[in-house]
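Notes for the structure review
Chain by chain, the residues run as shown.
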Amino acid sequence: MAVTSTLSGAVKRLVLGRPFRSDKLSHTLLPKRIALAVFASDAMSSVAYAPQEVFLVLSTAGLGVYAHAPWIGLAVAFVLAVVVASYRQNVHAYPSGGGDFEVVTTNLGDTPGLVVASALMVDYVLTVAVSISSAVENIGSAAPFIDQHKVLTSVVLIVLLTAMNLRGVRESGTAFAIPTYAFIGAIGVMLAWGFAQLATGRQVRAESAGFDLVAQHSQLTQAAFVFLLARAFSSGCAALTGVEAISNGVPAFRKPKSKNAATTLLMLGSIAVVLFLGILVLSIKIGVHYAESSEQLAGAPADYQQKTVIAQLAQAVFAGFPAGFYFVAVVTALILALAANTAFNGFPVLGSVLAQHSYLPRQFHTRGDRLAFSNGIGFLAVAAIAFVVSFHAQVTSLIQLYIVGVFVSFTFSQTGMIRHWTRLLKAEADPAARRKMTRSRVINAIGLAMTGFVLVVVLVTKFFAGAWIAILAMSVIFVVMRLIRKHYDSVSVELASQELSKVLPSRSHSLVLVSKVHLPTMRALAYAKATRPDTLEAITVNVDDKDTHQLMEAWEESGIEVPLKVIASPYREVTRPVLDYVRRLRRDAPRDVVIVFIPEYVVGHWWEQFLHNQSALRLKGALLFEPGVMVTSVPWQLHSSERRKRDDTLGLAPGSLRRGLTSGPGGRPVA
């Protein structure tokens, strides 16, 4: 056990780094330049696949429908601008980190708040799954080996990302800042150079420009055509994901927190709008054709491997300059992989807030060695891996589940903010303050209209395509969190409603479990005597007549004054006879407390656990359910445990022994 513990501790320190003291929490807070990289990676990455999803939906009706793509892009950009303006009000009004959950719970009630929390949790999980799968898809365009092992590669990337986030928000943010800004710079330069070439009359054509796009549905009714545009719009709205993460992550910012968060949110929205529209328009200008499969591209070679929209743009714009193409491809793959970092920062904070409200296990509120919410990070990683494996890392399949949750939270949040401003206006008399509140309410009202409309469109166009799975997952999480809260509430009532008896137990009856007359037994007897019980007796269970007879002879020869009682066991059980005897004592004297002392070996190797203490563990587990019974383990350290004690001594902080501190990690004594 000692070797295993030492090895696991060394691996943990190698992966996570040295632990941080609680008073170092302020050093992990983020300046705006790093916060933008931490929280904007999701929104930035969406510009890599959101335009592609718009083209993918429109391609089913043929090339002629591509002309509507810029108008769809403008509609998405307008909604994004409204949502950013709305959430700037949120971070100022509710800077504690509860985000949409706090806004909705405070203004609309617990049930709507829990609906929002369920939606956000599903959306965060899908953010990781979609971002990582999209990154692997982009890498697979250049590396066929990766394309053949997309699921395995996705799982490995999630594990690596989890390890980076477990090292702490500040450290992971610093690591992600370079690729985030590299992506923004690379796409910005690509768009500027591409439009500059077009403006000067240079020929810039995508490799797919010469292919004809075969329509899967050549004749569409007016209703079907509108539905197609609405579905393309809902797919493009994936560009809005990540906005809500900043409202959940305000506590991670440096002071003034709300001001810095609002500024970062404005920068995020501005950059996302410019890049999204730029990619969409430039793709139309240079003739990018993108379809669900290469078979839809008439005139393409038989072995043609369809590249992503970003890859086609970079190849066309940087024709004759391969380094530019490869640089864009690399930073795009990086930003897509790191986009999941938004969820890894938002989900754990939300989980902590929910745990404070007793909707999640208390462990989600606990910070780990590096002052990160380790349990929330681990849960998010496991859930994302489950989605990736279930959907075989297919972006087209996962995207249908996406953005449902985020627009549920958007809509509820804007409703809550309208009620928030309305309540404040009733009590505010200052004209200047009232004008400011009225302006904020108008902004949130516009946000409600926009996000509510998008939510309806998403539900109508994507429900049967896979959105129902996300809704089902939200419902399950909602019910589970309700049950957790019900359990905590019932335990709280149970512990608060029962008054402690002012009458002390009449007597204490101590039992020492004996199997042999040896040093552990003698120590247990000595400890039991030290508690000065009213009655003390040793008990043994007769599972073998010969062994019991030898024990009784040894007991008499040792001259031990404590009486030894032999309990019969016709079926050679140990636990059941002891339980029956303890219960009989309790029935005979209900006001007595029974204390059972159990000698236990302390071992140093993991395999020794299987050779010792098995009967003691089973007996302890059974006795814990007995009212009026206490169980005391009396440890006996075997020689193999000496190594463990030395390891614990090494685990002390420098100078601890000199200052008289003699406890290692977990409060274990140091030899």
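The rules behind the values
- Residues numbered from 1 in each chain as written.
- Predicted model: local features only at pLDDT ≥ 70, side-chain atom pairs only at ≥ 80, totals over all residues.
- Heavy atoms only, no water.
- Helix = DSSP H or I, 4+ residues; strand = E, 2+ residues; numbered from the N terminus.
- Buried < 20%, exposed > 50% of the residue type's maximum accessible area, 1.4 Å probe, protein only.
- Contact = heavy atoms within 4.5 Å.
- Areas by Shrake-Rupley, 256 points an atom, 1.4 Å probe, with all protein chains shown as cover.
- pLDDT = per-residue confidence, 0-100.
- Pairing = 2+ DSSP bridges.
- Axes fitted to C-alpha atoms, helices over the stretch in contact; angles between N-to-C directions.
- Phe/Tyr/Trp six-rings, centres within 6.5 Å; stacked < 30°, edge-to-face > 60°.
- Salt bridge = Lys/Arg side-chain N within 4 Å of Asp/Glu carboxyl O.
- Patch = residues over 30% accessible without salt bridge, like charges linked within 9 Å, V, L, I, M, F, W, Y side chains within 5 Å.
- Arc of directions from axis to C-beta.
- Right-handed = clockwise from strand over helix to strand, strands pointing away.
- Expected span 1.5 Å × (residues − 1).
- Parallel < 35°, antiparallel > 145°, perpendicular 65-115°, else oblique.
- Left-handed = near helix turned anticlockwise from the far one by under 90°.

The next thing to look at is the overall build of the protein chain. In terms of helices and strands, the protein chain carries 23 helices and seven strands. When the 671 residues of the protein chain are sorted by exposure, 49% land in the buried category. Pairs at least 24 apart in sequence give 80% of the contacts found in the protein chain among residues at least 6 apart. Here the protein chain has roughly 31,400 Å² of accessible surface; of this, 63% comes from carbon and sulfur atoms.

We now examine the confidence of the model for the protein chain. Averaged over the protein chain, the pLDDT score is 79; the fraction of residues at 70 or greater is 84%. The least confident element of the protein chain, judged by mean pLDDT, is helix α1 (residues 2–16) at 44; the most confident is strand β4 (residues 535–542) at 92. Across residues 1–16, confidence stays below pLDDT 50; counting only partners more than four residues off in sequence or on other chains, it has 26 contacts. Across residues 20–27, where pLDDT falls below 50, the model places eleven contacts with residues more than four positions away in sequence or in other chains.

Bringing the sheet that holds strand β7 (residues 629–637) into the picture now. Backbone hydrogen bonds hold the strands of a sheet together, and the pairing may be parallel or antiparallel. Pairing is parallel in the open sheet, where five strands are placed in the order β5-β4-β3-β6-β7. In the strand order of this sheet, the two ends are held by β5 (564–568) and β7, each with one partner. Shown here is a sheet whose adjacent strand axes are inclined to one another by a mean of 30 degrees, direction ignored. Bridge analysis of strand β3 (residues 508–513) against β4 gives five bridges, and the strand direction is parallel. Looking at β4, one finds that V512 is bridged to A538. Its contacts with the sheet place helix α19 (residues 519–530) against β3, β4, β6 (593–602) and β7, and it is angled at close to 135 degrees to β7.

Moving on, we get to the packing of aromatic side chains. Here the structure, examined in full by the defined rule, presents eleven aromatic pairs. When the ring of F364 is compared with that of F379, the centres are 5.8 Å apart and the planes differ by 70 degrees; the resulting orientation is edge-to-face. Taken together, the residues F364 in the loop between α14 (340–356) and α15 (374–390) and F379 in helix α15 connect sequence positions 15 residues apart. For F379, a relative accessible area of 41% gives the class partly exposed.

Scanning the model with the defined rule gives five salt bridges in all. The salt bridge partner of D489 is R485, with a shortest N-O separation of 3.1 Å. Of this pair, D489 and R485 are both found in helix α18 (residues 431–497), four residues apart, which corresponds to roughly one turn of the helix. Taking the relative accessible area as the measure of exposure, D489 reaches 35% and is therefore partly exposed. Residue D592 is joined to R507 by a salt bridge in which the shortest nitrogen-to-oxygen separation is 3.4 Å. Taken together, the residues span a long stretch of sequence, with D592 in the loop between α21 (575–588) and β6 and R507 in the loop between α18 and β3 at a distance of 85 residues. For D592, a relative accessible area of 9% corresponds to the buried category.

Moving on to a nonpolar patch on the surface. A contiguous nonpolar surface patch, about 630 Å² in accessible area, is contributed by F463, F464, W468, L472, V476 and V480. Position of L472 relative to the elements: it lies in helix α18.

The next subject is helix α22 (residues 614–623). All of the buried residues along α22 are A616, L619, K620, A622 and L623. Summarising the axial view, the buried residues of α22 lie within an arc of 165 degrees, below the 170-degree limit, and thus occupy one face. Looking at the buried residues of α22, the elements they touch are β3, α21, β6 and β7.

Considering the arrangement of structural elements, one finds T521 in helix α19. When neighbours within four sequence positions are excluded, T521 is seen to be in contact with V514, K516 and W555.

Once that is clear, we can look at the pairing of β4. The buried fraction of β4 amounts to seven of the eight residues, a majority that puts the element mostly inside the structure. Note that β4 and β5 share five bridges and pair parallel. Bridge pairing in β5 places N542 opposite A568. What joins β4 to β5 is helix α20 (residues 545–558), and the crossover it makes is right-handed.

To continue, consider unusual backbone geometry. Phi is positive for S358, which is not a glycine, with a value near 65 degrees. For S358, the position within the fold is in the loop between α14 and α15. Given the relative accessible area of 11%, S358 is considered buried. Positive phi, normally seen in glycine, also occurs at R532, with a value near 55 degrees. Among the structural elements, R532 can be located in the loop between α19 and β4. With a relative accessible area of 75%, R532 lands in the exposed category.

Once that is clear, we can look at helix α9 (residues 222–236). Along its 15 residues, α9 runs 21 Å from first to last C-alpha, staying within 8% of the 21 Å computed at 1.5 Å per residue. Of the positions making up α9, those classed as buried are L228, A232, F233, S234, S235 and G236.

Now for the packing of helix α12 (residues 309–317) against helix α13 (residues 322–338). Between α12 and α13, whose axes approach to 8 Å, the crossing angle comes to 160 degrees. In this view, α12 runs roughly antiparallel relative to α13, as classed from their interaxial angle. Regarding α12 and α13, the two cross each other, and that crossing is right-handed. Facing I310, A311, A314 and Q315 of α12, the residues of α13 in contact are F325, V328 and T332.

This part covers the environment of Q637. Examined against the element boundaries, Q637 turns out to sit in strand β7. Considered as a pair, Q637 and Y601 are 36 residues apart in the sequence and their alpha carbons are 6.0 Å apart. Sequence-distant contacts of Q637, that is, excluding residues within four places in its chain, are made with R523 and V602.

Quick look at the pairing of β3 now. Consecutive side chains along a regular strand alternate between the two faces of the sheet. With six of its six residues buried, β3 lies for the most part within the structure. Side-chain alternation along β3 places S508, S510 and V512 on one buried face and H509, L511 and L513 on a second face that is also buried. As paired elements, β3 and β6 share five bridges and run parallel to each other. Its bridge partner being in β6, L511 is matched across the sheet by V596. A crossover links β3 with its parallel partner β4, the connecting element being α19, and its sense is right-handed.

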